[in-house]
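What follows is the residue order along each chain.
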Amino acid sequence: MSKKRNPDTDAFYQKLMSATNAIGANHFTPQAEEEVKVNIRPDDKISPGMFKPDPLNPGHYKAHSVTIRAMRKDLFVAGSDEFLDLEKPYTCQKCRQNLDLQFWTFCPYCEAPFPADTEAL
């Protein structure tokens with residue numbers, strides 16, 4: 001059975017697959033070199049929008065429950081440039097925090113939804 005993907009995740013993937021390098025060749029390949037899963041444990045003592053290393057689980061993190069809910073579940077790392085190819089700067093209209101929409105489904109600081117007219121990446 002095929003896993004249903006989020007339309008925004010598909011948009012991120014299509015943007016990476018359309019990127020070209022200096023000679024016009026595809027910059028990325030559809031085969032993942034490595035898939036990494038990171039555990040993030042809820043801890044509401046941590047400020048929303050922030051992460052801290054989890055002392056009980058080295059290599060993992062703790063975050064406020066709102067931050068965890070706001071995170072995109074599928075993130076891409078595109079080579080050594082990491083997330084620059086997918087960067088989508090946005091300033092929350094409610095709390096004025098600067099965000100990168102590639103990481104969030106709503107504001108992790110104030111829980112405001114993103115406007116419906118925010119274009120897909």
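Residues numbered from 1 in each chain as written. Predicted model: local features only at pLDDT ≥ 70, side-chain atom pairs only at ≥ 80, totals over all residues. Heavy atoms only, no water.

Remarks on the overall build of the protein chain
Definition in use: Each helix is a run of H or I in the DSSP string that is no shorter than four residues. Each strand is a run of E no shorter than two, and both are numbered from the N terminus. In what follows, a contact means two residues having at least one pair of non-hydrogen atoms within 4.5 Å. Residue burial considers only the protein chains on display, and all accessible areas are found by Shrake-Rupley using a 1.4 Å probe.
Across its full length, the protein chain holds two helices and five strands. Tracing the protein chain from N to C terminus, the helices and strands come up as α-β-β-β-α-β-β. Contacts in the protein chain between residues far apart in sequence, at least 24 positions, make up 37% of those at least 6 positions apart. Summed over its atoms, the accessible surface of the protein chain is roughly 8700 Å², and 52% of this surface lies on carbon and sulfur atoms.

Focus on the sheet that holds strand β3 (residues 61-63)
In plain terms, the rule: A pair of strands is labelled paired if DSSP reports no fewer than 2 bridges between them. Axis lines are fitted to C-alpha atoms, over the contacting stretch for helices. Their N-to-C directions set the angle, which ranges from 0 to 180 degrees.
Strand order in the open sheet formed by three strands is β1-β3-β2, with mixed pairing between adjacent strands. This sheet does not close on itself; its edge strands, each paired only once, are β1 (40-42) and β2 (51-53). Averaged over all neighbouring strand pairs, the angle between strand axes comes to 35°, with direction disregarded.

Things to note about the pattern of salt bridges
Test applied: Salt bridges are identified by distance alone: a Lys or Arg side-chain nitrogen within 4 Å of an Asp or Glu carboxyl oxygen. In this scheme, a residue with accessible area under 20% of its type's maximum is buried, one over 50% is exposed, and one in between is partly exposed, where area comes from a 1.4 Å probe on protein chains only.
Inspection of the entire model under this criterion finds three salt bridges. The closest approach of N and O atoms between Asp-54 and Arg-41, which form a salt bridge, is 2.8 Å. With Asp-54 in the loop between β2 and β3 and Arg-41 in strand β1, the pair connects residues that are 13 residues apart, well separated along the chain. Judged by relative accessible area, Asp-54 falls into the buried class, the value being 3%.

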